[in-house]
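Coordinate inspection notes
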Amino acid sequence: MEQVNTISASSFYGKRFATLASAEDAIANTKFPNSEIDVVIIPPEPDYQTDEEEFDEDDLVTASLPQDVPGEIEIAMEDDSDEEYNMPLSQVCTTLSKKPKISQPKWSSEPVDLKMTSANGYSIRLEKVREQLSSCNVIQIFEKLFDEQVVNLLVEQTNKYATASNNHSFQVTGEEIKIFVGVLLFSGYHKLPRARLYWCLDEDVNVPFVSNCISRNRFEEIKKYIHLADNTQIDRSDKMYKVRPLMNLLNNKFQQFGIFHECLSIDEAMVRYFGHHSAKQFIKGKPVRFGYKDWMLCSSSGYCYAFDTYCGAKPTNSEVEIPRSTLPLGSQVVIDLLKVLKEPTDHIVFFDNYFTSYDLLTTLRGNGVRATGTVRENRTKKCPILPSAQMKKKDRGNFDYRYDKENSLLFVRWHDNSVVTMATNYDGIEPMSQVKRWSSKKKEKISVPQPKLFQTYNAFMGGVDLLDQSVNGYRVAIHGKKWWWVLFTHMINVTVVNAWRLYQLAFPQDPMDLLLFQRNVTRHYLRSYNKSIQRRSTSSRPSGSLPRSLLDDPTGHFPKKLSNQLRCSVCHSRIRWACEKCNVTLCIERDCFKIFHTRK
C-alpha cells in the first residue's frame, strides 16, 4: 500500500505537556537553544477543577509561575523533524487527499482450493465431559453450572443491598436462595396469573407445595432485595452493570468444560420486555418485537457457550487485521464472541446475513476459523454473480458462483423458494444434493438440486433457535418491576437448558425431556429445604415419586417416630417410623429404611 506523508500535530500546533517540569526539560534539551520559543498555556476543559491560584497572563516570567497549571502547556520550537514539511500548502493538500489503495478481490469461475486446517480436539473434550458427568444425577449436573459460587454471589449482593436500603435485620441464606430459584422454576410449568395465588387458600389456586416451603411474605421480601451487583462499585458506562457480575460468572460456568462441539452458530435472541430502558430494542416482524437483544454463541444442538446483551455500538479492543471501523456491527459481534475459542481449527461457525461480510470471512480464514453464512448483496465486494432479479427468472435449483482467488472465498447465489446468497471460506458446491420442494404449477413435490454449502448450513445453523425454543417452553412466569428482572430469570432458564443438554450428553440412553429435568431440579430444592415437612407428622403415605437427586443426597435422612401407625413403603407392614427428609413411612426393623434409600 502506498505510503501517505502525514503532518504531525506538533508542526502546526507545537508539542503539548501536562506539567511545567516536562515542558522545562523539553526546552533545556532542544537542539536549537538560540531559536525563538513560544510558550502557550492551554486552558482546561470547562469541568476541570484546580486548587491553583489565578495569575496575570501577561506576566509569564519563571519566578511568577505556579508549581503547575490547570490545563496543558504548548511549546512551539524549531525541530529537525519538521524540515520535511516545509512545503507549500497546495502541495500539502494534494498529498493528504490521496487515499490508500485497497486490494480488490480477484473473482473467477475456476475452482479454488478452499481447504483449511482442521482438528478434532473437540471430540476429546466431549469424551471428558461425558466421563466427568457419568456418575452425576440431575441436581449435581445442574449445580455444575448453578454452583455455590453463583449462590454466594446472590446471597452477598442481596444482603448488601438490604443493608444499604436501611433494612439491617434482613439476612438471606443460600438455602433460601435455592428455594427462591426453585419457586421461579416451578412457575415455568405451573403457571398462575399472579404470584400471590401460589399462597392463596382458595381451593382453585392453592399450591401447598410452594406455601409449605416458604411463606409469601418471605418470598416477596427476598424478591424485593434480590440483587446481582454492588451498587457502590458499578461502571456507569456499562448499561448492563446491574447484571454484569452474574452474566460473566455464568459465561465462565458454561465454558468450564471447554468448547466440546465442532459446529457452532451465532445469532440473536430476544428477551421480552415492555418497560423503559435505553438498551431495549424494537425489531419489526419478529415474534418478540420489544425487549433486550442477546448475542449468543451456541452449539448446533442448542448448548449456549457465551452470551451478551446488546447495549448499542461500542468500541472494543479486538485484535483483528482489519480495523474495527471497517467491520459492520454484526461482524464485530462475531469477532467478540469467538474469543472463547482456544483452538479455532477445531470448529466451524455459521451465522446469517446480519453478521456475514467479505471482510469477516477473510479475517476468520486468517485466524484459522472455518465459517459459512448467508450474505447481503451490498457486502459481497461487487462479486460478479448473476443479479437476484435475473436469478428469479430462472428455474428453481439454478445457481451461480464465483471464487475469490485473492483470499480463497466462495460466493454462491441459489434460486430456492427465494434467491439466497451464501459465502464460505472453507466449503464447496460439490457434491450436489436433492431437496424436496412444493411446486405450485405441478401441484406436487419436486426434487431441486442444492449446492453442498447450503445443505451444511441448514443442518448446523439452528443452535440458537433451539436454545430459544427450549427457554421459551418453560420460562419463569413470575414478573418483577426491576428493569433487569427479565434478564435475571432468562439467565436462570438458560442455565437449566444448558444443564439439560449436559445430561443428554452424559446419559444418551435416558430420554428425559426438559420438563422432567426442570421438575426434578424444582422438586429437589423445594423438598430438600422444606422445613414444614420436618415439623408436621406424617398422616398418610405421600403420593408421587421422589426425585432421584433427593435420595442420593446423604444429608438429612433420619428416622422419626410417628404418632399413628402407617404402612411401610417397602414391606407394607404397619409401623410408626418415617424418613424425616423424604417424608416416607419406612420400618427400621427389617432394613426397609436402608433398602429404600439405596435402590435405583
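Residues numbered from 1 in each chain as written. Predicted model: local features only at pLDDT ≥ 70, side-chain atom pairs only at ≥ 80, totals over all residues. Heavy atoms only, no water.

As annotated in an unreviewed UniProt entry, the chain carries the name PiggyBac transposable element-derived protein domain-containing protein and comes from Photinus pyralis.

Let's talk about the overall build of the chain
Defined as follows: By definition, any uninterrupted DSSP run of H or I lasting at least four residues is a helix, any uninterrupted run of E lasting at least two residues is a strand, and each is numbered from the N terminus. The buried label goes to any residue with under 20% of its type's maximum accessible area, the exposed label to any with over 50%, and the partly exposed label to all in between, with areas taken from a 1.4 Å probe on protein chains only. Contact criterion: two residues are considered in contact whenever any of their non-hydrogen atoms come within 4.5 Å of each other. Here the Shrake-Rupley method, with its probe set to 1.4 Å, supplies the accessible areas, and only the displayed protein chains count as covering residues.
Along the backbone of the chain there are 20 helices and 17 strands. Across the 600 residues in the chain, those meeting the buried criterion constitute 48%. Looking at the chain alone, contacts between residues at least 24 apart form 65% of all its contacts between residues at least 6 apart. Element-wise, carbon and sulfur atoms account for 49% of the exposed surface of the chain, whose accessible area totals about 32300 Å².

Notes on the side chain of Arg-437
The cut-off we apply is this: Nitrogen and oxygen atoms within 3.5 Å of one another constitute a polar contact, given that in protein one can donate a hydrogen and the other can accept it, and given that sequence-neighbouring residues count only through two side-chain atoms.
Here Arg-437 shows up in strand β14 (residues 433-439). In terms of polar contacts, Arg-437 uses its side chain to reach the side chain of Asp-416, at 2.9 Å. Aside from chain neighbours lying at most four places away, what touches Arg-437 is Arg-396, Trp-414, Asp-416, Asn-417, Glu-444, Lys-445, Ile-446, Val-448 and Gln-450.

Some words on unusual backbone geometry
With an omega dihedral of -5°, the bond running from Glu-430 to Pro-431 counts as a cis peptide bond. Mapping Pro-431 onto the fold places it in the loop between β13 (419-424) and β14. Even without being a glycine, Lys-443 presents a positive backbone phi close to 55°. Along the chain, Lys-443 turns up in the loop between β14 and β15 (444-450).

Structural notes on the packing of aromatic side chains
As a reminder, the rule being used: Pairing of aromatic side chains here covers Phe, Tyr and the six-membered ring of Trp, requires ring centres within 6.5 Å, and sorts the geometry by plane angle: under 30 degrees stacked, over 60 edge-to-face, intermediate tilted.
Counted by the stated rule, this structure contains 35 aromatic pairs. Ring geometry for Phe-142 and Tyr-525: centres 6.2 Å apart, planes at 65°, overall edge-to-face. Of the two residues, Phe-142 sits in helix α5 (residues 138-145) while Tyr-525 sits in helix α17 (residues 514-528), which places them 383 residues apart along the sequence. Judged on exposure class, the residue Phe-142 and its partner Tyr-525 are both buried. Ring centres 5.5 Å apart and planes at 65° place the aromatic pair Trp-295 and Tyr-310 in the edge-to-face group. Within this pair, whereas Trp-295 is found in strand β7 (residues 290-299), its partner Tyr-310 is found in the loop between β8 (304-309) and α11 (329-337), the two being separated by 15 residues in sequence.

Digging into the nonpolar core
Rules: Here, nonpolar core means buried Ala, Val, Leu, Ile, Met, Phe, Trp, Tyr and Cys residues that are tied together by side-chain atoms lying within 4.5 Å of each other.
Grouped together as the largest cluster of nonpolar side chains are 117 residues, with contacts concentrated most on Phe-351 and Phe-488. Per-element tally for this core: the top contributor is helix α16 (residues 485-506), with 14 residues. Apart from residues no more than four positions distant in its own chain, Phe-351 is found in contact with Ile-266, Val-334, Thr-356, Leu-360, Leu-361, Leu-364, Ala-371, Thr-372, Gly-373, Thr-374, Tyr-457 and Met-461.

With respect to helix α4 (residues 121-133)
Using the following cut-off: In this scheme, a helix's expected span is set at 1.5 Å multiplied by one less than its residue total. Comment: arc refers to directions from the helix axis out to C-beta atoms.
Under the 1.5 Å per step criterion, the end-to-end length of α4 is 19 Å for 13 residues, consistent within 8% with the ideal 18 Å. Taken together, the buried positions of α4 are Gly-121, Tyr-122, Leu-126, Val-129 and Leu-133. What you see down the axis of α4 is that its buried residues fit within an arc of 140°, all on one side. Exposed and facing more than 90 degrees away from the buried side of α4 are Ile-124 and Glu-131. In this structure, the buried side of α4 is in contact with α5 and α16.

Some details on the environment of Phe-146
In this fold, Phe-146 is placed in the loop between α5 and α6 (148-164). Using a relative accessible area of 4% as the deciding quantity, one classes Phe-146 as buried. Sequence separation between Phe-146 and Lys-253 is 107 residues, and the spatial gap between their C-alpha atoms is 8.0 Å.

Things to note about the pattern of salt bridges
Using the following cut-off: Throughout this description, the term salt bridge denotes a Lys or Arg side-chain nitrogen within 4 Å of a carboxyl oxygen of Asp or Glu.
Evaluation of the coordinates by the stated rule reveals 22 salt bridges. Across the salt bridge formed by Lys-178 and Glu-143, the nearest N and O atoms sit 3.6 Å from each other. Of this pair, Lys-178 sits in helix α7 (residues 174-189) while Glu-143 sits in helix α5; the two residues are 35 residues apart in sequence, bridging distant segments of the chain. Assessed through its relative accessible area of 7%, Lys-178 is described here as buried. Classification of Glu-143 as partly exposed rests on a relative accessible area of 26%. Of the charged contacts, one joins Lys-452 and Asp-427 as a salt bridge, the two residues approaching to 2.8 Å between their closest N and O atoms. Of this pair, Lys-452 sits in helix α14 (residues 452-460) while Asp-427 sits in the loop between β13 and β14, placing them 25 residues apart in sequence. A residue is classified by how much of its surface remains accessible, and Lys-452, at 26% relative accessible area, is partly exposed. What emerges from the salt-bridge pattern is a single network uniting Glu-143, Glu-148 and Lys-178.

A few points about the environment of Gly-397
As for its position among the elements, Gly-397 is in the loop between α13 (388-391) and β11 (399-404). By relative accessible area, which is 7% here, Gly-397 ends up buried. Sequence spacing of Gly-397 and Ser-447 is 50 residues, and the spatial spacing of their C-alpha atoms is 8.8 Å. Among residues more than four places away in sequence, those in contact with Gly-397 are Trp-414, His-415, Val-448 and Pro-449.

Considering the pairing of β7
Rules: Any two strands with at least two DSSP-identified bridges between them are counted as paired.
Burial runs high along β7: nine of the 10 residues are buried. With nine bridges joining them, strand β5 (residues 263-272) and β7 adopt antiparallel strand pairing. For Asp-267, the partnering residue across the bridge sits in β7 and is Met-296. In the sheet, strand β6 (residues 281-282) pairs with β7 via two bridges, with the strands oriented antiparallel. Looking at the pairing, Phe-282 lines up with Phe-290 of β7.

A short note on the environment of Val-340
Looking at where Val-340 falls in the secondary structure, it is placed in the loop between α11 and β9 (348-351). Placed 35 residues apart in sequence, Val-340 and Tyr-305 show a C-alpha to C-alpha distance of 8.4 Å. When sequence neighbours within four positions are dropped, the list of residues in contact with Val-340 reads Gln-255, Ile-259, Leu-297 and Ala-306.

Observations concerning the side chain of Thr-309
Considering the arrangement of structural elements, one finds Thr-309 in strand β8. Looking at Thr-309, its side chain comes within polar contact range of the side chain of Asp-294, at 2.8 Å. Setting aside residues up to four positions removed in sequence, Thr-309 forms contacts with Met-240, Met-247, Tyr-292, Lys-293, Asp-294 and Leu-487.

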